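Chain residues, written in single-letter form:
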Amino acid sequence: MASHLDTNVIPPSRQREAPRAGMTWIGQSIKRVEDPRILSGKGGYIDDVTVPGMAHAAMVTSPHAHARIVSIDTSKAKALAGVIGVYTGADLATVVDPCPSFASPPVPQHAMAIDKVRHVGEVVAAVVAEDRYIAEDAAGLVEVEWEILPANVDIEAALEATGDAVLHPDDRESNKALDESFSFGPVEEDFAAADHIIKRRLRWNRSSAQAIETCGVIAQFDPFKGGYTIHANSNFYNFIPFVIGGSLRVSPGELRIVPVLTGGSFGSKVFTHKIIILTGGLARLAGVPVKYIEDRLEHFTNSDSHGSDRLYDAELAVSKDGTFKSLRFTVLDDYGAYLQFGVGTHGNAMAQVTGPYQIGSFAMRVIAVLTNKTQQGPYRGFGSEVTNWVMERMVDATAAELGRDALELREQNMIQPDQFPYMIPTGNIYDSGNFQEVLGQAKEMFGLDAWREKAAKLRAEGRCVGIGVATCMERSVYGPTEWWSLNNRETPGFTLTSTPEGITARFDPSGKLFITLNSPMVGNSPETVVTQILAERLTVAPEDIVINYSDSQSGFNGVGPQGSRFTAMIAGACVSASIKLEERLKRFGAHMLQRRPEDVELRGGMVAVKGLKDQEKSFAEIALTSSFFRLSFPDGEEFDSGIETTAVYDHPISTDPAEDRSHLGIFYPIVGHICHIVAVEVDPGTGKVEMLDYSAVHDNGTIVNPRTLAGQVWGGTANGIGTTLSEQFCYDSEGQFTNPNFAEFAMPTANEMPRNFKLGHVETPSPYTEYGIKGGGEGGRLGAPSALTSAIEDALSNYGVRISALPVTPPILRGLIREAGQSAAG
Amino acid sequence: MKKIAVSVTVNGRQREALIAPRMLLSDFVRQELELPGTHVGCEHGVCGSCNVIVDGKAVRSCLMFAVQAEGSQITTVEGFSADGELHPIQTAFWEEHGLQCGFCTPGMLASAKELLDANPDPTDDEIREAISGNLCRCTGYEFIINAIRSAAKTLRDTENKKTLQPA
Ligand code: FES
Ligand code: FES
């Protein structure tokens with residue numbers, strides 16, 4: 001380990017529950033407890049909520065990528081019957097302040113544009129009306145006069161822009177929002193000593209999560225109390241009052257965010273702060289509760305959740321025998337018009353930037369570029385899906401240049417099972433793993449040897465068949481230093497270090513176990529996970545567990561489902577809560593049984609005397625007696641009525657970044673590992689890719705529910721397939737977003753999925769989390785693009801096609817084939 | 001705007017309302033009839049989450065005006081389950097983990113029902129084809145296909161039992 005890591009000491013494990021065999025509920029594919037209400041149409045999504053007196057908002061949005069607002073005439077809109085009010089950015093600014101920003105120094109953003117628009121779809125005015133139809137009619141009557149400014153579309157050209165083409169001239173002279181360099185370990189020496197330096201320019205294009213439900217808010221302002229009640233499909237509702245209270249000009253405690261069932265997020269609904277501030281402000285101005293649900297176009301163009309859009313110049317230093325020594329790159333990232341989360345997506349990628357390989361040093365220069373596009377937000381992988389692809393591209397490139405087998409090269413450089421916990425050059429650790437076992441299982445499941453023979457035979461017949469193997473990391477359970485560790489060291493911004501997850505648990509007098517969660521359901525399975533863990537620990541029947549969600553005022557700490565953290569974190573909270581509940585159950589139960597607490601145990605929903613049958617009291621009896629019959633127990637506060645507890649679990653193992661950023665500390669240590677192997681056939685005439693066979697093996701530590709984990713892997717893989725083969729946001733030279741709809745932004749349907757998908761699991765438990773659970777919400781998208789890209793390149797090896805950019809849609813692939821043919825001919 | 005009377009049968013119940021002629025069937029069902037189980041994902045006819053069954057056919061309720069449904073028999077997701085029992089297709093989605101966020105699910109159920117009503121024993125490719133007009137961003141579809149295959153079997157078994165029973 002290089003000396004720059006000497007100060008990054010791994011704290012001892014706080015694990016209380018080691019993984020064990022033969023558990024009753026943990027590890028079972030029970031049916032989800034969330035499902036019956038959702039299946040019967042009673043889920044309660046944001047648009048299903050109505051509040052009395054509610055009005056509806058529609059937006060007037062910018063048709064231009066970059067323009068000054070000369071004037072806005074709202075008179076015709078205001079005159080329409082049914083319209084309650086029409087408001088511009090200047091009006092909104094009388095009741096709200098600019099949006100919060102994790103960038104430091106921040107890039108200022110208003111929930112509704114004032115003076116200038118910086119991307120197509122940015123809101124310039126809003127109508128509040130009796131119904132949405134009228135609101136939209138009125139929005140069409142708002143007249144805006146524009147002065148068009150030069151648009152920045154190209155990532156490199158945007159850096160050179162001057163004058164009117166600069167997006168934020170009051171705050172920054174250029175469109176460069178951040179330019180920071182980092183070096184971890186002896187990069188210069190390693191490159192100087194290398195026998196080969198492999199170089200590639202790699203491009204990852206923009207797309208986004210596009211959950212089938214858009215973002216929405218219902219906001220009510222109470223002028224007497226001065227506070228807001230806001231229903232929102234945000235992932236992060238117990239935390240955002242502290243982030244956006246300032247923008248809404250109320251104290252966090254005056255902002256009550258009520259969660260709803262959420263129709264998919266994949267990162268896109270992590271904060272949703274802009275729409276909350278916008279709708280909140282409108283409710284305050286209009287004096288009525290306001291509902292605003294984005295339509296699909298607004299979700300594409302204004303929802304601030306576009307994914308990574310990066311250009312890498314990467315170099316890998318390799319010795320003669322193929323040993324990887326060092327990695328470095330310069331990356332430009334097109335963040336769009338604003339920078340809400342700073343370069344958190346690059347902070348995230350620092351968790352596993354060197355992949356599953358032993359690479360001793362790493363350096364990076366990251367440049368955040370502002371352009372006239374919708375700003376970036378999270379999308380499944382939060383930046384690590386890109387570096388996974390970059391790393392795997394570099395390995396394939398090395399194999400090609402050294403004339404080595406790419407898989408053999410991977411195996412040669414992989415971290416070995418006895419090297420964990422393994423600290424990578426950035427300072428993050430990989431807690432545990434067995435990459436060789438994952439790869440071995442994947443090879444076998446796929447039948448790699450047989451497939452290689454088959455592919456060779458088919459290729460000899462002139463068919464373009466290829467195989468791709470990707471071995472990638474899946475970091476989980478984030479610590480929030482990733483949001484700010486790459487910020488300028490003089491102005492790091494809000495240096496948050498907590499990501500707690502809390503739970504409240506109470507046995508009601510009938511013996512039901514009532515649970516309150518502080519994070520919403522977004523398509524993950526929070527209720528199922530909690531049910532399984534508490535049933536395991538407390539010997540309660542799953543059907544006796546009832547789960548509810550707090551709002552931000554009634555609840556406690558909760559950070560929500562993101563960064564593959566929720567299952568591991570809530571498991572920790574469940575362990576803490578059940579320790580306390582067990583203690584209380586035993587105290588009351590033992591007293592009722594006239595025993596000492598140490599002589600009783602939990603057994604099948606009872607407190608029972610150890611070693612004796614029939615000497616037991618059911619939880620229901622204990623809960624009832626402890627709630628209603630105080631005089632049956634001794635004086636003293638340890639017998640205060642009722643059986644209830646609130647518990648919280650903090651990040652199991654994290655450390656601060658080094659002051660000088662010589663390392664970034666431990667911030668994303670619970671790592672899974674994935675291997676995807678895919679065989680494809682490319683039709684060189686059309687550029688169409690067909691997946692012939694697909695195997696994926698994931699190691700997510702101890703699995704709570706194999707079937708729901710499989711669902712996550714499948715879904716993530718589908719996202720990764722879309723990212724690779726079909727999904728790209730397209731812009732013309734004027735900055736018009738040309739495909740913001742489901743017809744032209746082509747997400748995979750059932751027909752585009754592989755027919756022979758096989759999924760396997762290895763379980764290497766984490767030594768740091770309870771039961772050894774690791775997160776598994778993002779893995780599919782973290783692996784599929786790398787494997788598919790390799791397979792396609794392999795399939796087209798006869799043509800000498802090299803893939804350096806995603807996606808590879810059929811026309812793009814056709815272009816590459818044509819180009820390669822020409823250069824071969826020339 | 002002049003309002004028009006519309007009369008439809010929804011989930012077996014006769015419903016009448018006075019509505020604007022431009023009101024979409026999706027909005028009519030969700031807002032006027034207060035049946036929010038039908039979801040709106042794109043409002044431009046691609047995602048299929050708004051699918052409801054109109055006179056036996058799964059249709060995009062975001063592409064149809066409510067007045068066009070005059071006199072029709074409509075089934076929404078709320079009409080699938082009866083007496084507190086999930087419909088066999090719903091049960092199969094539950095058992096096979098055919099949903100995650102559930103937003104696409106009502107539309108998937110409608111497409112599945114249309115398929116199985118017409119074809120009680122579909123091949124996997126026919127199932128894929130039947131739901132290829134429904135976008136799901138969560139599941140990757142595999143478990144949905146499993147669910148529909150399993151529902152088909154349950155429905156066939158029930159049918160067989162019925163015909164085997166003496167009248
Ligand atoms: S909402 Fe009707 S098809 Fe998408
Ligand atoms: S289950 Fe979420 S979109 Fe299908």
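Residues numbered from 1 in each chain as written. Chains lettered and ligands numbered in written order. Predicted model: local features only at pLDDT ≥ 70, side-chain atom pairs only at ≥ 80, totals over all residues.

A few words on the overall build of chain B. For chain B, the count of helices and strands is five helices and five strands. Along the chain direction, N to C, the helices and strands of chain B fall in the order β-β-α-β-β-β-α-α-α-α. For 167 residues, the compact-globule formula gives about 15 Å, and the C-alpha radius of gyration of chain B, at 16 Å, lands near that figure. If you line up chain B on its principal axes, its C-alpha atoms span 55 × 45 × 25 Å. Burial analysis of chain B (167 residues in total) assigns 53% to the buried set. Of all intrachain contacts in chain B linking residues separated by at least 6 positions in sequence, the fraction that spans at least 24 positions is 60%. (Helix = DSSP H or I, 4+ residues; strand = E, 2+ residues; numbered from the N terminus. Rg over C-alpha atoms; globule rule 2.2 N^0.38 Å. Buried ≥ 20, exposed ≤ 12 C-beta atoms within 10 Å, placed from the backbone. Contact = placed C-beta atoms within 7 Å.)

Below, the discussion takes up the overall build of chain A. Regarding its fold elements, chain A presents 20 helices and 29 strands. Expected size for 826 residues packed as a compact globule is a radius of gyration near 28 Å; at 28 Å, chain A falls within 12% of this value. A principal-axis box enclosing the C-alpha atoms of chain A has dimensions of 95 × 70 × 50 Å. Within chain A, contacts between residues separated by at least 24 positions form 80% of all contacts whose residues are at least 6 apart in sequence.

This paragraph deals with the confidence of the model for chain B. This prediction gives chain B a mean pLDDT of 96; 99% of its residues lie at or above 70. Interface confidence for the predicted complex, given as ipTM, is 0.97, next to a pTM of 0.97. (pLDDT = per-residue confidence, 0-100.)

Our next topic: the sheet that holds strand β20 (residues 513-517) of chain A. Residue and element names in this part refer to chain A. An order of β21-β20-β19-β25 is seen for the four strands of this open sheet, with the pairing classed as mixed. Sheet topology places β21 (545-549) and β25 (643-649) at the edges, where each strand pairs with a single neighbour. In this sheet, neighbouring strand axes are inclined to one another by 20 degrees on average, regardless of whether the strands run parallel or antiparallel. Across the face of the sheet, helix α15 (residues 526-538) comes into contact with β20 and β21 while running at roughly 140 degrees to β21. (Pairing = 2+ DSSP bridges. Axes fitted to C-alpha atoms, helices over the stretch in contact; angles between N-to-C directions.)

Glancing now at helix α4 (residues 132-139) of chain A. Every buried residue belonging to α4(A) is among Ile134(A), Ala135(A), Asp137(A), Ala138(A) and Ala139(A), and all of these are buried. On its buried face, α4(A) sits against β1 (55-61), α2 (75-79), β3 (83-88) and β5 (123-129) of chain A.

What follows covers the sheet that holds strand β6 (residues 143-148) of chain A. Residue and element names in this part refer to chain A. Across the sheet, three strands lie side by side as β4-β2-β6; this open sheet has antiparallel pairing. Edge positions in the sheet fall to β4 (116-117) and β6, since each of these pairs with one other strand and no more. Bridging between strand β2 (residues 67-73) and β4 involves two bridges; their strand directions are antiparallel. Directly across from Arg68, in β4, lies its bridge partner Lys116.

Now for unusual backbone geometry. Glycine aside, the phi torsion of most residues is negative, and most peptide linkages are trans. All names here are of chain A. Of the consecutive residues Phe420 and Pro421, the connecting peptide bond is found in the cis state with omega at -10 degrees. One can find Pro421 in the loop between α12 (406-413) and β16 (422-423). The linkage connecting Leu806 with the following residue, Pro807, adopts the cis geometry, with an omega of 0 degrees. For Gln210, which is not glycine, the phi torsion reads 45 degrees and is therefore positive. With respect to the secondary-structure elements, Gln210 resides in the loop between β8 (196-204) and β9 (216-222). The class for Gln210 is buried, based on 28 C-beta atoms found within 10 Å. The phi dihedral of Asp614 is positive, around 65 degrees, even though this residue is not glycine. Relative to the helices and strands, Asp614 is located in the loop between β23 (606-609) and β24 (616-618).

Counting from both sides, the interface comprises 40 residues of chain B and, opposite them, 39 residues of chain A. Those elements that provide at least two residues to the side of chain B that touches chain A are α2 (88-95), α3 (105-118) and α5 (142-164) of chain B. In terms of residue count, α2(B) provides more of the side of chain B that touches chain A than any other element does, four residues in total. Grouping the constituent residues of the side of chain B that touches chain A by class yields 20 nonpolar, 13 polar and seven charged. (Nonpolar A, V, L, I, M, F, W, Y, C, P; charged D, E, K, R; others polar.)

All right, on to the domain arrangement of chain B then. All names here are of chain B. When cut into domains, chain B gives domain 1 (4-78) and domain 2 (88-161). Here domain 1 and domain 2 have C-alpha centroids that lie 21 Å from each other. Every contact between the two is made by 16 residues of domain 1 and, on the other side, 13 residues of domain 2. The set of elements that each furnish at least two residues to the side of domain 1 that touches domain 2 consists of β3 (51-54) and β4 (57-60). Here the side of domain 1 that touches domain 2 is built from residues that sort into seven nonpolar, eight polar and one charged. (Domains from an automatic or database assignment.)

All names here are of chain A. In contact at an axis separation of 8 Å, helix α11 (residues 384-402) and helix α19 (residues 779-795) are set at 30 degrees when each is read in the N-to-C sense. In terms of axis orientation, α11 runs roughly parallel to α19. Like other packed secondary-structure pairs, α11 and α19 cross with a definite hand, here right-handed. Between α11 and α19, the residues in contact are Ser384, Glu385, Asn388, Trp389, Glu392, Arg393 and Asp396 and Arg781, Leu782, Pro785, Ser786, Thr789, Ser790 and Glu793, respectively. (Parallel < 35°, antiparallel > 145°, perpendicular 65-115°, else oblique. Left-handed = near helix turned anticlockwise from the far one by under 90°.)

Residue and element names in this part refer to chain A. Mapped onto the elements of the fold, Leu327 is located in strand β14 (residues 324-336). The spatial distance from the C-alpha of Leu327 to the C-alpha of Pro241 is 40 Å, given a sequence separation of 86 residues. Residue contacts for Leu327: discarding those within four places in its chain leaves Leu316, Thr354, Ile359 and Phe362.

On to the nonpolar core. Residue and element names in this part refer to chain A. Ala126, Val127, Val128, Leu282, Val290, Cys574 and Val680 are the most contacted members of the largest nonpolar core, which totals 297 residues. Counting residues per element, this core draws most heavily on helix α16 (residues 566-593), which supplies 12 residues. In this view, Val128 contacts Ala55, Ala57, Ile84, Gly85, Ala135, Leu282, Ala286 and Val290; residues no more than four positions away in its chain are not counted. (Core = buried A, V, L, I, M, F, W, Y, C linked by C-beta atoms within 7 Å.)

Residues and elements named next belong to chain A. Of all seven residues in β9, six are buried, a share of seventy percent or more. Sheet analysis places β9 next to strand β10 (residues 227-232), joined by six bridges and oriented antiparallel. Bridging from a neighbouring strand, Ala219 pairs with Ile230 of β10. The antiparallel pairing of β9 with β10 creates a hairpin that spans four residues between the two strands, and Gly226 there sits at a positive phi of about 75 degrees.

Residue and element names in this part refer to chain B. Burial analysis of helix α1 (residues 25-32) places six of its eight residues in the buried class, which makes it a mostly covered element. Of the surrounding secondary structure, the elements contacted by the buried residues of α1 are β2 (13-19) and β3. Downstream of α1 by a residue or two, Glu34 has a phi angle that is positive, lying close to 55 degrees.

A separate point is the domain arrangement of chain A. Residues and elements named next belong to chain A. Under the domain assignment, chain A is made up of domain 1 (35-43 + 500-649), domain 2 (49-149 + 215-293) and domain 3 (306-482 + 657-825). For domain 1 versus domain 3, the separation of C-alpha centres amounts to 41 Å. Listed per partner, the contact involves 16 residues of domain 1 and 18 residues of domain 3. Of all the secondary structure elements, the ones that give two or more residues to the side of domain 1 that touches domain 3 are α15 and α16. Among the elements that line the side of domain 1 that touches domain 3, the one with the most residues is α16, at six residues. Of the residues in the side of domain 1 that touches domain 3, the class split is six nonpolar, nine polar and one charged.

Next up on the list: the packing of α16(A) against helix α17 (residues 619-628) of chain A. All names here are of chain A. The geometry of α16 relative to α17 is characterised by a closest axis approach of 10 Å and an angle of 90 degrees between their N-to-C directions. Taken as axis vectors, α16 and α17 run roughly perpendicular relative to one another. Only Phe619, Ile622, Thr625 and Ser626 of α17 make contact with α16, whose side of the interface consists of Leu585, Phe588, Gly589 and Met592. Looking at the contact of α16 with α17 residue by residue, the classes come out as five nonpolar, three polar and no charged.

The subject of this paragraph is the environment of Cys574(A). Residues and elements named next belong to chain A. Mapped onto the elements, Cys574 comes out in helix α16. You can call Cys574 buried: it has 28 C-beta atoms within 10 Å. C-alpha separation for the pair Cys574 and Leu261, spaced 313 residues apart in sequence, amounts to 22 Å. Dropping the residues within four chain positions of it, Cys574 is found in contact with Ile503, Val530, Ile533, Leu534 and Arg537.

Another aspect to go through is the environment of Gly672(A). All names here are of chain A. Structurally, Gly672 is set in strand β26 (residues 670-683). Considering only alpha carbons, one finds Gly672 and Gly701, 29 residues apart in sequence, at a separation of 6.9 Å. Look past the residues within four positions of Gly672 in its chain and what remains in contact with it is Glu474, Ser476, His698, Asp699, Asn700, Gly701, Lys774, Gly776 and Gly779.

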